[in-house]
Structure formats: structure tokens, C-alpha cells
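Chain residues, written in single-letter form:
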Amino acid sequence: MITVLAGGVGAARLLRGMVRAVPASDVTAIVNTADDVVLHGLHVSPDLDTVTYTLAEAGNPETGWGLAGETWQAMDALERLGGHAWFRLGDRDLGTHLHRTGRLAEGAGLAAVTAEIAAAWGLELTLLPMTEDRVATMVTLARCDEAREESSEQTSEQASREVGFQEYFVRLGHSVAVESVRFDGAQESLPGPGVLDALADADVVVIAPSNPIVSIGPLLAVPGIAEALRSRRADTVAVSPIVAGAALKGPADRLMRELGHEASVVGVARLYRDLAATLVVDTADAGLADAVEAEGMACVVTDTIMSSAEVAADLSRRILEVSR
Ligand code: FO1
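As the structure is a computational prediction, the values presented were derived from the model and not from experiment.

S.K.: Would you explain helix H5 (residues 110–120) in this entry?
M.R.: Every α-helical turn comprises 3.6 residues, leaving residues that sit three or four positions apart pointing alike. Within H5, burial applies to Leu 110, Ala 111, Val 113, Thr 114, Ile 117 and Ala 118. Summarising the axial view, the buried residues of H5 lie within an arc of 165°, below the 170-degree limit, and thus occupy one face. For H5, exposure combined with an orientation more than 90 degrees from the buried face picks out Ala 119 and Ala 120. Looking at the packing, one finds that the buried side of H5 touches helix H2 (46–55), helix H4 (91–105) and strand E5 (126–129). Downstream of H5 by one or two residues, Gly 122 has phi in the positive range, about 75°.

S.K.: Explanation requested: empty space enclosed by the protein in the structure shown.
M.R.: Gaps left between atoms show up when a probe the size of a water molecule is rolled over them. Counting across every chain of the model gives 1 cavity of 30 Å³ or more. Computed from the structure, the largest cavity encloses a volume of approximately 30 Å³. Lining the largest cavity are Leu 48, Asp 49, Thr 52, Arg 100, Thr 114 and Ile 117. When contributions to the lining of the largest cavity are tallied by element, the ones reaching two or more residues are H2 and H5. When residues in the lining of the largest cavity are grouped by element, the largest group, 3 residues, is from H2. Taken together, the residues that form the lining of the largest cavity break down as 2 nonpolar, 2 polar and 2 charged.

S.K.: What exactly am I supposed to notice about the domain arrangement of the protein chain here?
M.R.: Frequently, the measure chosen for interface size is the accessible area that the parts lose on association. Partitioning the protein chain into structural domains gives domain 1 (1–65 + 97–135 + 186–324) and domain 2 (136–184). For domain 1 versus domain 2, the separation of C-alpha centres amounts to 26 Å. Summing the contributions of domain 1 and of domain 2, the shared interface buries around 1400 Å²; its carbon and sulfur component is 60%. Linking Asp 184 and Arg 134 is a salt bridge whose minimum nitrogen-to-oxygen distance equals 3.1 Å. Summed over the shared surface of domain 1 and domain 2, the result is 8 residue pairs in polar contact (both at pLDDT 80 or more). Secondary-structure elements contributing two or more residues to the side of domain 1 that touches domain 2 are helix H10 (212–221) and helix H12 (252–258). Considering each element in turn, the side of domain 1 that touches domain 2 owes the most residues, 5 residues, to H10. In terms of residue class, the side of domain 1 that touches domain 2 is built from 12 nonpolar, 2 polar and 4 charged.

S.K.: How should I be thinking about the nonpolar core in this particular structure?
M.R.: A general feature of soluble globular proteins is that nonpolar side chains tend to end up buried together. Leu 5, Ile 30, Ile 207 and Leu 279 are the most contacted members of the largest nonpolar core, which has 47 residues in total. Residue contributions to this core peak at 5 residues, all from helix H13 (residues 265–272). Contacts of Ile 30, omitting those with residues within four sequence positions, involve Thr 3, Val 4, Leu 5, Ala 6, Leu 128, Met 130, Val 195, Ala 198, Leu 199 and Leu 219. Ranked by size, the runner-up nonpolar core spans 32 residues in total, among them Val 22, Val 27, Val 239 and Met 306.

So, how was this worked out
Residues numbered from 1 in each chain as written. Predicted model: local features only at pLDDT ≥ 70, side-chain atom pairs only at ≥ 80, totals over all residues. Heavy atoms only, no water. Buried < 20%, exposed > 50% of the residue type's maximum accessible area, 1.4 Å probe, protein only. Helix = DSSP H or I, 4+ residues; strand = E, 2+ residues; numbered from the N terminus. Arc of directions from axis to C-beta. Contact = heavy atoms within 4.5 Å. 1 Å grid on protein atoms, 1.4 Å probe; cavity = no way out; pocket = protein on both sides within 12 Å on 5 of 7 lines; lining within 4 Å. Points joined across faces, edges and corners; volume = space filled by probe spheres on them. Nonpolar A, V, L, I, M, F, W, Y, C, P; charged D, E, K, R; others polar. Domains from an automatic or database assignment. Buried area = accessible area lost by both parts, 1.4 Å probe. Salt bridge = Lys/Arg side-chain N within 4 Å of Asp/Glu carboxyl O. Polar contact = N/O pair within 3.5 Å; in protein donor to acceptor, adjacent residues only side chain to side chain. Core = buried A, V, L, I, M, F, W, Y, C linked by side-chain atoms within 4.5 Å.

Rendered as C-alpha cells:
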């Protein structure tokens, strides 16, 4: 069995390859839910949906999120009424959120609802939300110089700069500097059903090339997950989301820098060295392999840019080879 720690787009691409390298029924993904957001009364789970749609070959290849061939009539109607439409929910995608919200209101757990949605899309891998409890990534935006001079009330001023993850990521287009990130509710949360068993029973654990701070970070903040992972260090392979000092998609490189980490495969190694024995880096970073190894991880150099399902399958096979 292969267990993959997953965020959104990068993880979805890797999983698409993994289910070509081994039978899908041998793959379990533990997915970040700290990006989840309630909008218009609907419970949206972006990372779970990105993984589901991508593996169902129904995802929008341009954006990486949402469904291909989407229409936007509900959003148009909402805008006409003056509603918030900065977070775009396509007409077909809305069906998923209606179903999830209805089932949760009936008392079903997020793990059961996730399994229902995956089964409806014909998926054979197991998708597990990291927790069924509410954990929310909260981002404190860096203050501009003027605010720094004017501010005397440090704590309330700081609170006023804290926004929810989707507000930072989508509404502000992750174009603003970040001072800190925290995972609200994480300390009181429990790992989702099956999560600790999936880590304990896996032959190989993979940390997908997802944002280490805001995609993998929340999983590690759920009590019990980091400990379970640490005990599987020898069998854990991480794939760097940073290639040649930059993130392929999203703000991982900027966030790492802003929060005091080096935005390079060496910085990724420093974040993961206690959790994973091996770091897979792209050929563009071959020159940093020794520096990664100096951080205490074996370094494997291969193509990690998953431009197609075939490249993702080759990468998956390489991950499984090096973990044996
Ligand atoms: N990302 C955007 O950049 N703009 C959007 O309007 C947007 C809508 C959206 C709707 C459903 C969904 O499942 C994902 C959506 N995303 C959107 C992506 C999402 O913000 C990110 O994928 C993650 O939360 C980061 O992993």
C-alpha cells in the first residue's frame, strides 16, 4: 500500500501518475482540508475536489482546479444580485458542494461524504480528509511601512491583518507579503478516520510536491500525524515542490522566503529531514544534491515536472524504486 500526503494541484498530478504505476486500490491519499471554506452556506473542500476531479480525468487542465467545460450561470446570477463572486464556483462544481453540504447537515462525516463523491466519479483509490474537525489556515499579512509607523496596539492591529486562506490565495491573488501562518483549530482536532492506519500500514509513504507551509503544514499540525510520519521516516519519500528556486504553481517559494526558509530544495530538505529519509528533486537541481544530502536526506534526481500523466507515472515508479 502507498500512502500519499496531499495538497491540491501538485498532489493531484502525482496521484494521477501513481494510479498508473500501481493498482489504484493500493493508493491512499491523506488530503489537506485546512483550505476548506463555507461560501453561500456551502462547504467547499478545494483540495479534495482537485484530487477527485483530476483523477477522474474531469479536471480543468488550465486552472488545475474545478471541472473542465464548466459554465458559470450561477456565478453570473449571484453577481447580478450583488453577492460575493470572487471565489468562482462553476455550475457543475456546485453540485459537489450541494451534495457535501447536504450530507454533512444530515450528520454524515466528511470522510464518508468524500468516499461517496470519489465512488461517484469511479475512483478506486482511497481519499481520506486529514481530519473531520474544522481546521482553518489563517494568514497574517505583512504590514506596510505606514501601518508599522502608525500602529501602537500590536495585537489588535495584527488581528486585523489576519485573513482566511482563500481570501489570501484567491481574493488577494497571493500577491501580498505574509508575516505568519497558523492553523486554527488544529490543536483540538483528531486525525480523520483511517488516517493513522494508512500511515502505519503503508509500505511507502510519499509527501507529494505540495506547498510545504500551507498544504502539508496543516496535516502535520493535526495531533498524531507528524508523530506517525516520523516513525515511518525510513519508508518516506518527499518530492520537492520547489524546482530551481521557484514553485511550479502557487506561492510556495514566496511563502517559504517570507517565513524565513530558503526557497530551494535545500530549504525543503530542512523542513522534511525529520519526516522523510529521501528527497526527490528535479534534474534542474542536480547541482544541489550534495547540499540536500548534507542536510541528512538521500537525494534522488529525476524529472519532476509532471507535464503529462506519463511523466507523473515515471516519477511515481522512480519514487517506488528508491523506497525499496
Ligand atoms: N482558485 C482560484 O484561483 N480562483 C477561484 O475562483 C477558485 C475557485 C475554486 C472553486 C472550487 C475549488 O475546488 C477550488 C477553487 N480554486 C480557485 C482553487 C483553490 O483556491 C486552491 O486550489 C486551493 O485551495 C489551494 O490548494
